[in-house]
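Here are the chains, one letter per residue:
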Amino acid sequence: MNKRENKIIKTDIFYKVVIPCTLVIIIILFLSKTFSLNINVTNNLSVELLELISTIIIAFVGIYIYLNRNRDEELNYLELNLNVIDENGYLKLRTEVTNPTRFDREIYFACLIVNRSELSFLDILNEKMDTKINDPNSIYKLNGNPLKISRDFAFIPLKYYYEENVRVGNEKLIYEVPIKSNNNTEDNLNFFDVRFFVFRGQEEINSYHRSVVCSFGIRGNLNLDHLNGLTSIIKKASVKN
């Protein structure tokens with residue numbers, strides 16, 4: 001279990017066990033003095049009071065353990081896979097999202113980002129998308145942006161994952177995106193990186209993104225005009241060469 005998951009569990013214990021137990025104990029002590037209950041708190045805590053406090057703590061801990069008995073599984077991330085497949089002269093970006101648990105997962109946003117391998121990923125993203133993103137966790141802010149393609153860059157929203165599939169059950173989802181080059185065999189071989197980002201629902205535990213990356217080489221530059229017709233990617237596209 002990583003540091004973030006440990007932090008989540010510690011925070012849960014503090015708010016769901018420590019604070020409720022403390023409040024109940026304070027209320028008991030207050031009532032015992034106010035209404036002169038049969039609990040001696042004038043000098044030392046009586047055996048009865050200690051037993052009552054111990055019972056309360058054990059009860060809250062037991063309730064927490066019962067309600068969170070599946071927490072390890074609930075904290076699990078979605079599993080991602082990305083492959084670049086050569087098929088009959090053109091490439092396919094094969095994306096996979098797998099939910100290995102029995103808890104339904106909501107996907108808030110998913111996208112592919114393609115850029116030249118020799119260029120800084122975030123620098124070219126900010127330049128092409130006219131935005132200011134400092135780290136990959138903030139890429140979710142691009143949700144709602146249309147498809148954007150050029151000869152050396154592509155931002156491809158994958159609505160199949162977050163609009164057509166409202167929640168992901170214990171299943172594997174697969175979506176493939178065809179990509180082409182300008183097919184000029186005299187052009188130099190260029191290398192590109194493609195990143196697959198998936199963000200879970202903002203209200204879910206561990207809502208941070210997951211991502212995978214692959215690289216591929218093509219002769220010439222990208223030719224992605226055909227993506228304008230794929231409704232599972234975007235409904236309204238903007239193209240800039």
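Above: the structure in question.
Residues numbered from 1 in each chain as written. Predicted model: local features only at pLDDT ≥ 70, side-chain atom pairs only at ≥ 80, totals over all residues. Heavy atoms only, no water.

> Go over the side chain of Asn 190 with me, naming the residues and quoting the values.
Locating Asn 190 in the fold gives a position in strand β8 (residues 189–200). Here the side chain of Asn 190 touches Gly 220 through a polar contact of 2.6 Å, landing on its backbone oxygen. Those residues in contact with Asn 190 that lie beyond four places of it in its chain are Arg 116, Phe 216, Gly 217, Ile 218, Gly 220 and Asn 221. (Helix = DSSP H or I, 4+ residues; strand = E, 2+ residues; numbered from the N terminus. Polar contact = N/O pair within 3.5 Å; in protein donor to acceptor, adjacent residues only side chain to side chain. Contact = heavy atoms within 4.5 Å.)

> Could you give an account of the pattern of salt bridges, naming the residues involved and the relevant values?
Applying the stated criterion across every chain yields a total of nine salt bridges. Among the ionic pairs, Lys 92 bridges to Glu 87, the shortest N-O distance being 3.1 Å. A cluster of three or more residues bridged by salt bridges with shared partners is formed by Glu 87, Lys 92, Arg 94, Glu 96, Lys 172 and Glu 176. (Salt bridge = Lys/Arg side-chain N within 4 Å of Asp/Glu carboxyl O.)

> Would you mind going over the packing of aromatic side chains in detail, with residue names and values included?
When we look at a pair of aromatic rings, we describe it by the centre distance and by the angle of the planes. Under the defined criterion, the tally for this structure stands at ten aromatic pairs. Their ring planes at 25° and their centres at 6.4 Å tell us that Phe 109 and Phe 199 sit as a pair that is stacked. Within this pair, whereas Phe 109 is found in strand β3 (residues 105–116), its partner Phe 199 is found in strand β8, the two being separated by 90 residues in sequence. For the pair formed by Phe 109 and Phe 199, the shared burial category is buried. One residue, Arg 195, lies across the ring of Phe 121, its end atom 4.2 Å from the ring centre. (Phe/Tyr/Trp six-rings, centres within 6.5 Å; stacked < 30°, edge-to-face > 60°. Buried < 20%, exposed > 50% of the residue type's maximum accessible area, 1.4 Å probe, protein only. Lys NZ or Arg CZ within 6 Å of the ring centre and 35° of its normal.)

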